[in-house]
Amino acid sequence: MTRLGPFEPRPSLAVGVSGGRDSMALALLADRWARARGGRIVALTVDHGLRPGSLAEARRVHGWLGARGIAHRILRWTGPKPAANVQSAARRARYRLLTAWCGRHGVLHLLLAHQAEDQAETFLLRLARGSGVDGLACMAAVSELAPVRVLRPLLPIARVRLAATLRSAGQAWIDDPSNENTAHARIRLRRLQGALEAEGLTAARLMRTARHIAAARASSEAQVAALLARTARLHPAGFCEIDCAVLLQAPAATALRALSSVLQTIGGTAYPPRFERLERLYHALASGAGFTLAGCRILRQRASPFWLVCREPAAIGGAIRVAPGQIGVWDGRFTIARAGGRARRGGAPFTVRQLGAIGAGALAGDGPARRIPSPAMASLPALWDGRKLVAVPPIGPVSATLGARQTFICHFSPPEPLAGASFAVV
């Protein structure tokens, strides 16, 4: 933990605890570490609601930790669940719930229980996908997300040692049945562990390789940030303009990483696009051709040296309902809040969905709307009451639209920042 600091004199930590072996061991170890320094932890369990009995399991964890004097909260993922890519959606929801709780309660450090085999498996999965330096650097021991530092203190620790830790403490844990489901690539790799180690691909060796790549990644981040500062203009309405002439003059490796960062930010994804697809985009820009990648459209603009990167309308997430006093996340990129004195005591929920071509046409003559390139207009978040367009939050204040004492707030808050101190090698 000392290597992951600094910490306040009486550290306050949140710990993500699923009830599995690794996270239960982390909770016990982190609690002992914090108490020795006059601090405390709060364990957070996300109930995704994807399996029967998941809430009962969360309550069992609550009982286990409560018996040890460890505070515990259950966070529930409510609302409709996606039919496809469920694991990815659940992971995004989990991070969103955990970091939001930390932000509301002023907790600066969120501990997660990824360990050595997790890191090795992540390396192999990303190698199989053809990832570049960003992907092969794998999980960072320290990373920064708004509004919390995410710490992974168990990355050097083997799974078998965490199980031994729990046994010595007399602590049971929950075995997730999905960890035996060979429909998942990670589980198939786990089954190959013995054969891989026989060929020298041990978890320790793969972790060392990931650390070497992580060092290369960290050293290049300043160059990428400097290039983005010269070439990219990020708009709070969720699109970006890039000076490709300047971008393509930079070293190819730096330009590719800058492009990846822009696509992650505008597409609202937690992971970069595959490297070979990114290379195709790079060559398309050099030839002057448009492209679609990672849920984004990349288009040349007339009479401007800047290319437009905006959300691909077909890739946008579904509508969400926002009732008075609620906060929601639309398309994984915009935080939507509806607040106000009277609003908390009544009022029907409004629907947030993309503006679309019809709504964009209705705003064509609006003054602020003239600053939005037309391909980006249709993908803006908009507030609808049935088929009636109520407001488009990024284009102007909307409090008058909802009533004198109500406010509808919309912030562009993608999972990944365009550039910043988001990665550290430890």
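As the structure is a computational prediction, the values presented were derived from the model and not from experiment.

In terms of helices and strands, the protein carries 15 helices and 18 strands. For the protein, with 426 residues in total, the buried portion stands at 47%. Accessible area of the protein: about 20,700 Å², with a carbon and sulfur share of 54%.

Turning our attention to the pattern of salt bridges. Summed over the entire model, instances satisfying the criterion amount to 11 salt bridges. A salt bridge links Glu57 to Arg51, with the shortest nitrogen-to-oxygen separation between them at 2.9 Å. Where Arg333 meets Asp331, a salt bridge forms, and the shortest distance between an N and an O atom there is 2.7 Å. The structure contains a network of salt bridges with shared partners spanning Asp118, Glu121, Arg159 and Arg190.

The next point concerns the pairing of strand β7 (residues 232–235). In the sheet, β7 pairs with strand β8 (residues 239–243) via 4 bridges, with the strands oriented antiparallel. Bridging from a neighbouring strand, His235 pairs with Phe239 of β8. Hairpin connection of β7 to β8: 3 residues between the antiparallel strands, including Gly238 at a positive phi of 90°.

Once that is clear, we can look at empty space enclosed by the protein. By rolling a water-sized probe across the atoms, one finds the places where empty space is left. Under the criterion given, the structure shown has 2 cavities of 30 Å³ or more. Looking at the largest cavity, its volume works out to about 130 Å³. Ala120, Glu121, Leu124, Gln193 and Leu196 are, among the 13 residues lining the largest cavity, the residues nearest its centre. Elements with a contribution of two residues or more to the lining of the largest cavity: α4 (116–128), α7 (185–191), α8 (193–198) and α9 (203–231).

Right, let's get into the side chain of His48. Along the chain, the position of His48 falls in the loop between β2 (40–47) and α2 (54–67). Judged by its relative accessible area of 16%, His48 falls in the buried class. Among the polar contacts made by the side chain of His48, one reaches the side chain of Arg94 at a distance of 3.0 Å. Residues within four places of His48 in sequence aside, it is in contact with Trp77, Lys81, Ala90 and Arg94.

Within the largest apolar cluster, 40 residues are counted, with the highest numbers of intra-cluster contacts made by Val309 and Ile336. Element by element, the count of residues in this core is highest for helix α11 (residues 252–267), at 7 residues. Every residue in contact with Ile336, bar those within four places of it in the chain, is listed here: Ile320, Val322, Gln326, Ile327, Gly328, Trp330, Val352, Phe408, Ile409 and Cys410. Leu13, Leu28, Ile70 and Leu154 belong to the second-largest nonpolar core, a separate cluster that totals 29 residues.

Rules behind the numbers
Residues numbered from 1 in each chain as written. Predicted model: local features only at pLDDT ≥ 70, side-chain atom pairs only at ≥ 80, totals over all residues. Heavy atoms only, no water. Helix = DSSP H or I, 4+ residues; strand = E, 2+ residues; numbered from the N terminus. Buried < 20%, exposed > 50% of the residue type's maximum accessible area, 1.4 Å probe, protein only. Areas by Shrake-Rupley, 256 points an atom, 1.4 Å probe, with all protein chains shown as cover. Salt bridge = Lys/Arg side-chain N within 4 Å of Asp/Glu carboxyl O. Pairing = 2+ DSSP bridges. 1 Å grid on protein atoms, 1.4 Å probe; cavity = no way out; pocket = protein on both sides within 12 Å on 5 of 7 lines; lining within 4 Å. Points joined across faces, edges and corners; volume = space filled by probe spheres on them. Polar contact = N/O pair within 3.5 Å; in protein donor to acceptor, adjacent residues only side chain to side chain. Contact = heavy atoms within 4.5 Å. Core = buried A, V, L, I, M, F, W, Y, C linked by side-chain atoms within 4.5 Å.

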